[in-house]
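Geometric and topological summary
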Amino acid sequence: MRIATRLNTAAIALTLASPVLAEQIDASLDTDGDGSYSFAELSAAFPDLTEELFAEFDISAEGLLDAQEVSEMKKAGAFPMKEG
């Protein structure tokens, strides 16, 4: 079930994601400089990011995305576009 949910979430995200925005994820979004990305940090840059989608890529389940998890999220095209 978890894999099916992840695939479904990724498919939905792909329809909403912008490759240009996904390529712009960089260290500047790590506003507290801890080397990880919190939901608050990423949602400030990507307001349409949901906690559910963030959690799907938080493989370590620590509430933060490390570089590998962000890379996986980028590969899946899972960064929602900003509206407007």
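Structure first, text after, so check above.
These remarks concern the structure in this document. Predicted model only: the values in this text are computed from it and were never measured.

Rules used throughout
- Residues numbered from 1 in each chain as written.
- Predicted model: local features only at pLDDT ≥ 70, side-chain atom pairs only at ≥ 80, totals over all residues.
- Heavy atoms only, no water.
- Helix = DSSP H or I, 4+ residues; strand = E, 2+ residues; numbered from the N terminus.
- Buried < 20%, exposed > 50% of the residue type's maximum accessible area, 1.4 Å probe, protein only.
- Contact = heavy atoms within 4.5 Å.
- Areas by Shrake-Rupley, 256 points an atom, 1.4 Å probe, with all protein chains shown as cover.

Right, let's talk about the overall build of the protein for a bit. Scanning the protein from N- to C-terminus turns up five helices and two strands. In the protein, the order of α-helices and β-strands from amino to carboxyl end is α-α-β-α-α-β-α. Counting all 84 residues of the protein, 39% fall into the buried class. Within the protein, residue pairs in contact and separated by at least 24 positions form 57% of the contacts whose partners lie at least 6 positions apart. Counting every atom, the protein has about 5,100 Å² of accessible surface; 58% of that belongs to carbon and sulfur.

On to unusual backbone geometry. For A61, which is not glycine, the phi dihedral falls at a positive 55°. Assignment of secondary structure puts A61 in the loop between α4 (51–57) and β2 (64–65).

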